[in-house]
Amino acid sequence: MSLPYEIMDTPSEKEYDDITKLASIICDTPISTITFFDESRQFFKSHYGLEMSEAPIEDFFSRHVIDNPDEFMIIPNAQKDDRFKDKPSVVDNPKIVFYAGYPVNNDKGVPFATFSIIDQKIRELTDTQKEAIKSFANQVEQLLELRRTKLVLEAKNASVAQEKIILDAIIEGTDAGTWEWDIATDEVFINAKWFQLLGYTSKPYEVFTMQNWRELVFPDDLIQFEVGLTNCLSGISEKFHLKYRVKHLQGNWIWVENRGKVVDKSKNGKPLKMFGIHLNIDKERMQENQFLAIADSVPGVVFRSEMAKDGTANLSYISNGFLDLWGVSSEIAMEDNNRIWSLILDEDLPKVQKSIEQSATHMTNWVSEWRIKQANGAVKWHKMIESQ
């Protein structure tokens, strides 16, 4: 019953031992204990005047105490009490005669431990001594609540520490540079990887600010940088996501992808901090440019599309030659790809749609043929080969 506090089998602590010692002095008894228990035994967290730190559950006076919340259990002479006279602790050491116990409650108000005083002779307690024991039990409750709070905080801290280890490993594995912007001071806290992306082997700024950052952005990209940042800070955009160029230490410009978001706000909703990552996409950008050059030189048309969760496809790129092949400009098609579907002959459309569904379901290449009718009335056969 002490599991939420993880108290069983813990070493002695001065805070608890001082309480039991003081209780014995005030009540003039040789023994005072703070007792917890589990299914098989009782554990004495503090045991002034008692050498043992645990005892079998069968020899358990405290069970009767916790069955009666906020009530004293006083046994003037255990040797004459049928409930206790045959217990080992009465027959043998410590030869209990007088016992008084008061429940210790958990944070829900449920008794789960006891504060007890013990004597080896018949005696009584004064009202003052009884009030003192109640106060001691309450002090134990306060100590236990502090312990529970500490355990919760330690668990949270351990979880946060573990998450940080995982995050650091992910960042290290992805070669991502991280940044945290304190908006009030304008200081930006950058990790070493962020500057390494720009060719630096050590931090080039004593204090790095957002203004320093702006000075690294390619002039033609600065406007979209400011717009993206402003939209994120104002709440127009939930996230700051941008691809732009920054100046490398060697003087050339490299492409980076920046993702960030507001992570802290004041009570009135004013942004206080932003956090994000930087990725070097220079190689990807170069490969993209090579792809575009090849796509515009091959016969036919090269598409790039993305399948949304609702099953609709969005065109993100169409190469040159689309107008000649379809009779519609690529700009119009990307803005509204329903214009493409409307050109396919009605009798071919179900077959095309089914082939797309099969490709998406089985993650296989999409291969299909169909006919389109152009504005001038001409009918042309098209064949599509698309890889996942």
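Refer to the structure presented above.
A short tour of the structure in this document, coming up.

## With respect to the overall build of the protein
Per the secondary structure count, the protein includes 12 helices and 15 strands. Taken across its 388 residues, the protein has 38% of its residues classed as buried. For the protein, the share of sequence-separated contacts (at least 6 apart) that also reach a separation of at least 24 residues comes to 46%. Roughly 22,900 Å² of accessible area belongs to the protein as shown, and the carbon and sulfur atoms make up 52% of that amount.

## Thoughts on a nonpolar patch on the surface
A cluster of nonpolar residues, Leu22, Ile25 and Ile26, forms a patch on the protein surface that exposes about 260 Å² of accessible area. As for its placement among the helices and strands, isoleucine 26 is situated in helix 1 (residues 14-27). For isoleucine 26, a relative accessible area of 36% corresponds to the partly exposed category.

## Focus on the nonpolar core
Among soluble globular proteins, nonpolar side chains are generally buried collectively. Formed by 25 residues in total, the largest nonpolar core has its most connected members in Phe36, Val104, Phe115, Ile117, Val140 and Leu144. Setting aside its immediate chain neighbours within four residues, valine 104 contacts Val110, Pro111, Phe112, Ala113, Thr114, Phe115, Ala137, Val140, Glu141 and Leu144. Membership of the second largest hydrophobic core comes to 24 residues, among which are Tyr200, Cys232, Tyr244 and Val246.

## Points about the packing of aromatic side chains
In the structure shown here, the tally under the stated rule is 16 aromatic pairs. Grouped by ring-pair contacts, the aromatic residues Trp179, Trp194, Phe195, Tyr200, Tyr205, Phe208, Trp213, Phe225, Phe240 and Tyr244 constitute a single cluster. The lysine or arginine in question, arginine 123, covers the ring of phenylalanine 98, its NZ or CZ lying 6.0 Å from the ring centre.

## A look at the side chain of lysine 45
For lysine 45, the location among the structural elements is in strand 2 (residues 41-48). Here proline 11 takes part through its backbone oxygen, which lies 2.6 Å from a polar atom of the side chain of lysine 45. With residues up to four places along the chain from it excluded, the contact list for lysine 45 reads Ile7, Thr10, Pro11, Ser12, Glu13, Tyr16, Asp17, Ile34 and Phe36.

## Observations regarding the sheet that holds strand 11 (residues 271-280)
Two modes of strand pairing occur in sheets, parallel and antiparallel, and in both the strands are linked by backbone hydrogen bonds. The strand order across the open sheet formed by five strands is 8-7-11-10-9, and the pairing between neighbours is antiparallel. This sheet does not close on itself; its edge strands, each paired only once, are strand 8 (187-190) and strand 9 (240-247). Sheet twist, expressed as the average angle between the axes of neighbouring strands with direction ignored, equals 25°. In this sheet, strand 11 lies alongside strand 7 (residues 177-182) in antiparallel orientation, the contact comprising six bridges. Considered in strand 11, the bridge of tryptophan 181 is made with methionine 274.

## Concerning the sheet that holds strand 1 (residues 31-37)
With antiparallel pairing, the six strands of this open sheet are ordered in space as 3-2-1-6-5-4. Since the sheet does not close on itself, it has two edges, and those belong to strand 3 (54-56) and strand 4 (73-75), each with one partner. Going across the sheet, the axis of each strand differs from the next one's by a mean of 25°, ignoring polarity. Where strand 4 and strand 5 (residues 98-105) come together, three bridges link them in antiparallel fashion. Each bridged residue has a counterpart across the sheet, and for isoleucine 75 the counterpart in strand 5 is tyrosine 99. Contacting strand 1, strand 2 and strand 6 (111-119), helix 1 runs over the sheet at an angle of about 70° to strand 2.

## Quick notes on the pairing of strand 6
Among the nine residues in strand 6, nine count as buried, and that is most of the element. Alignment of strand 1 against strand 6, held across five bridges, turns out to be antiparallel. Bridging from a neighbouring strand, isoleucine 31 pairs with isoleucine 118 of strand 6. As defined by bridge partners, strand 5 adjoins strand 6 across eight bridges and the pair is classed as antiparallel. Residue pairing in the sheet places asparagine 105 in a bridge with proline 111 of strand 6. Two successive antiparallel strands, strand 5 and strand 6, enclose a turn made up of five residues, where glycine 109 displays a positive phi of approximately 85°.

## Describing the side chain of arginine 41
Checked against the element boundaries, arginine 41 lands in strand 2. One polar contact links arginine 41 to aspartate 9, side chain to side chain, over a distance of 2.6 Å. Ignoring anything within four residues of it in the chain, the contact list for arginine 41 reads Met8, Asp9, Phe36, Glu54, Ala55, Pro56 and Ile57.

## Some points on the pattern of salt bridges
For the structure on display, the rule yields 20 salt bridges. Between arginine 147 and glutamate 13 there is a salt bridge, with the nearest N and O atoms lying 3.7 Å from each other. Of this pair, arginine 147 sits in helix 4 (residues 127-174) while glutamate 13 sits in the segment before helix 1; the two residues are 134 residues apart in sequence, bridging distant segments of the chain. For glutamate 13, a relative accessible area of 25% translates into the label partly exposed. Among the charged side chains, a salt-bridge network with shared partners connects Asp9, Asp38, Arg41 and Glu54.

## With respect to the environment of tryptophan 370
Topologically, tryptophan 370 is positioned in strand 14 (residues 366-373). A relative accessible area of 3% places tryptophan 370 in the buried class. Residue contacts for tryptophan 370: discarding those within four places in its chain leaves Trp326, Ile344, Asp348, Val352, Lys380, Trp381, His382 and Met384.

## Quick look at helix 7 (residues 222-234)
A rise of 1.5 Å per residue sets the reference length of helix 7, with its 13 residues, at 18 Å; its end C-alpha atoms lie 18 Å apart and thus fit the reference within 8%. Among all positions of helix 7, only Phe225, Gly228, Leu229 and Cys232 are buried. Looking straight down helix 7, one finds its buried side chains confined to an arc of 95°; they lie on one side. Turning to helix 7, the residues buried within the fold contact strand 7, helix 6 (210-216), strand 9, strand 10 (253-265) and strand 11.

Definitions and limits used
- Residues numbered from 1 in each chain as written.
- Predicted model: local features only at pLDDT ≥ 70, side-chain atom pairs only at ≥ 80, totals over all residues.
- Heavy atoms only, no water.
- Helix = DSSP H or I, 4+ residues; strand = E, 2+ residues; numbered from the N terminus.
- Buried < 20%, exposed > 50% of the residue type's maximum accessible area, 1.4 Å probe, protein only.
- Contact = heavy atoms within 4.5 Å.
- Areas by Shrake-Rupley, 256 points an atom, 1.4 Å probe, with all protein chains shown as cover.
- Patch = residues over 30% accessible without salt bridge, like charges linked within 9 Å, V, L, I, M, F, W, Y side chains within 5 Å.
- Salt bridge = Lys/Arg side-chain N within 4 Å of Asp/Glu carboxyl O.
- Core = buried A, V, L, I, M, F, W, Y, C linked by side-chain atoms within 4.5 Å.
- Phe/Tyr/Trp six-rings, centres within 6.5 Å; stacked < 30°, edge-to-face > 60°.
- Lys NZ or Arg CZ within 6 Å of the ring centre and 35° of its normal.
- Polar contact = N/O pair within 3.5 Å; in protein donor to acceptor, adjacent residues only side chain to side chain.
- Pairing = 2+ DSSP bridges.
- Axes fitted to C-alpha atoms, helices over the stretch in contact; angles between N-to-C directions.
- Expected span 1.5 Å × (residues − 1).
- Arc of directions from axis to C-beta.

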